[in-house]
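Commentary on secondary and tertiary structure
Residues per chain, in single letters:
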Amino acid sequence: MSLDLQLQSLDEQGYVLLPAVLEPLRIALLRCAIDDLQPIHWDYQGLLEHYKCVFNRDPLWLPFLDLPAPIALAEAALGADCHVIGQTAWRSHPGYPGMALHLDHLPMQLPDWLSERGDFVQPAQILTAQLYLSDIDQDIGPTWIVPGSHRAGRPPLPGEDQWQGRQALPVLCQAGDALVFRSDVWHSGGANNSQARVRDMLQVHYGRRMVAQKFSPYLNWRFNPQVLEAATPRQRRLLGEHAETEYD
Ligand SMILES: O=C(O)CCC(=O)C(=O)O
């Protein structure tokens, strides 16, 4: 799909699926890397393992900040000076119950009269690229997404699973595919009902330059010198090395 069509899909549907952004060797590398992760600060383990800012733990995570197709889309949608606001590794185990439909960030709530027209779209401020490291079928727990729901300009109400007649859809795909979605589209992660399969995923969260990076533990944040040493100029920009602006 051309970049123009990807941008059109983000604008109209709120998401786009990019096939085969990772090859099997890199998928295997990332799954082994998740095996070794230990929780820091707000990370947690259990039926769902969730590890934030993994780029800072080892240089091996760096190349996944700027994979060719997702970074081309992020820069086209958010500006050539966009940056990474987080990178999160997930592992859900059989028995994980999933989560309700939600949005991640709504830049501005729309008044009802404008939301109901369905033809007004705010410029995207944050995109998440969700790199699947497991094949995603109904059992393992697909991501569910309500096409076009970013145009609602509000979060879903409890139990609301459609917007303007369009129902939540499961994103069924292969390990190595990436789902890129806006922070204001309604989405959820499904329950892992498989017998014995873990569902592994790596998210990269991109924001416009003026969207603050979410590098917890914030006041105690320190960049890992080995990571900075290994980063390319583009990766350093994504980590926050920007040209000076009025506010710098
Ligand atoms: O697990 C998923 O596919 C969805 C994750 C999610 O809902 C989120 O990051 O906000």
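Residues take numbers from 1 onward in each chain, read along the sequence in its written order. A pLDDT threshold of at least 70 governs which residues receive local features in this predicted model, and a stricter bar of 80 or more applies before side-chain atom pairs are shown or counted, although totals over entire chains, interfaces and linings include all residues. Water and hydrogen atoms play no part in the side-chain values, which are based on all heavy atoms of the structure.

- As annotated in an unreviewed UniProt entry, the protein chain carries the name Phytanoyl-CoA dioxygenase family protein and comes from Pseudomonas oryzicola.
- UniProt positions are given in the numbering used here, feature names are shortened, and annotations may be inferred rather than shown by experiment. As recorded by UniProt, the Cofactor (unreviewed entry) comment attached to the protein chain reads in full: "Fe(2+)".

1. Quick look at the overall build of the protein chain
- Assigned secondary structure in the protein chain consists of six helices and 11 strands.
- Put simply, the radius of gyration uses C-alpha atoms, and a globule should come to 2.2 Å times the residue count raised to 0.38. Here the C-alpha radius of gyration of the protein chain, 18 Å, is about what a compact globule of 248 residues would show, namely 18 Å.
- Seen through its C-alpha atoms, the protein chain measures out along the principal axes to roughly 55 × 50 × 35 Å.
- Expressed as a percentage of its 248 residues, the buried residues of the protein chain come to 50%.
- Contact definition: two residues touch when any of their heavy atoms are within 4.5 Å. Here the contacts in the protein chain between residues at least 6 apart in sequence split such that 86% fall between residues at least 24 apart.
- Here Asp and Glu are counted as negative and Lys and Arg as positive; His is not counted, and neither are the chain ends. By convention, charge coordinates are those of NZ in Lys, CZ in Arg, CG in Asp, or CD in Glu. Each charge class in the protein chain can be summarised by its mean position, and for the 19 positive and 29 negative side chains these summaries are 2 Å apart. Each helix corresponds to a stretch of at least 4 residues labelled H or I by DSSP, and each strand to a stretch of at least 2 residues labelled E; elements are numbered beginning at the N terminus. Buried, partly exposed and exposed residues are distinguished by accessible area as a fraction of the type maximum, computed with a 1.4 Å probe on protein chains only: under 20%, between the cut-offs, and over 50%, respectively.

2. Focus on the packing of aromatic side chains
- Two rings belonging to Phe, Tyr or Trp (six-membered ring only in the last case) form a pair when the distance between their centres is within 6.5 Å. Interplanar angles under 30 degrees mark stacking, angles over 60 mark edge-to-face geometry, and anything in between is tilted. Within this structure, the stated rule accounts for six aromatic pairs.
- Summarising the aromatic geometry, the rings of Phe215 and Trp221 are spaced 5.0 Å apart at their centres and angled 35° between planes, so their arrangement reads as tilted. Considered together, Phe215 and Trp221 belong to a single accessibility category, that of buried residues.
- One aromatic cluster is present, formed by Phe55, Phe215, Trp221 and Phe223 through successive ring pairs.

3. Here we look at the sheet that holds strand E11 (residues 199-207)
- If DSSP finds at least two bridges between two strands, the strands pair. The strand order across the open sheet formed by six strands is E1-E9-E4-E11-E3-E2, and the pairing between neighbours is antiparallel. The sheet terminates laterally at strand E1 (15-18) and strand E2 (48-51), the two strands that pair on one side only. Shown here is a sheet whose adjacent strand axes are inclined to one another by a mean of 20°, direction ignored.
- As defined by bridge partners, strand E4 (residues 126-132) adjoins strand E9 (residues 178-182) across five bridges and the pair is classed as antiparallel. Only C-alpha atoms enter the line fits that serve as axes; for helices the fit covers just the stretch in contact. Angles between N-to-C directions range over 0 to 180 degrees.

4. Describing the site of the ligand
- Note on terminology: near, applied to a residue and a molecule or strand, indicates that one of the residue's heavy atoms is within 4 Å of it. Trp90, Met99, His102, Asp104, Gln130, Thr143, His187, Ser188, Gly189, Arg199, Met201 and Gln203 make up every residue found near the ligand.
- In the analysis that follows, any N or O atom pair within 3.5 Å is treated as a polar contact, provided that within protein one partner can donate a hydrogen and the other can accept it, and provided that, for residues neighboring in sequence, both atoms belong to side chains. Separating an oxygen atom of the ligand from a side-chain N or O atom of Gln130 is a distance of 3.1 Å.
- At 2.9 Å from an oxygen atom of the ligand is found a side-chain nitrogen or oxygen belonging to Gln203.
- Computed by Shrake-Rupley with a 1.4 Å probe, the accessible areas treat only the displayed protein chains as cover when residues are assessed. Compared with its free state, where it exposes 290 Å², the ligand has 93% of that area covered by protein.
- Elements with a minimum of two residues in the shell around the ligand: strand E10 (187-189) and E11.

5. Details of the environment of Ala89
- With respect to the helices and strands, the residue Ala89 is situated in strand E3 (residues 83-92).
- As for Ala89 and Val185, which are separated by 96 residues in sequence, their C-alpha atoms are 21 Å apart.

6. Quick look at the nonpolar core
- For this analysis, a nonpolar core means a set of buried residues of the types Ala, Val, Leu, Ile, Met, Phe, Trp, Tyr and Cys, connected via side-chain atoms within 4.5 Å. Ranked by size, the top nonpolar core spans 43 residues in total, and within it Leu22, Trp61, Leu65, Ala89, Leu131, Leu202 and Tyr206 carry the most contacts.
- Elements with a contribution of two residues or more to this core: E1, helix H2 (24-35), helix H3 (68-78), E3, E4, E9, E11 and helix H6 (233-239).
- The contact partners of Leu22, leaving out residues within four places of it in the chain, are Ile27, Leu30, Phe64, Leu67, Leu131, Leu133 and Gly176.
- Tyr15, Leu48, Tyr96 and Val171 belong to the second largest nonpolar core, which has 14 residues in total.

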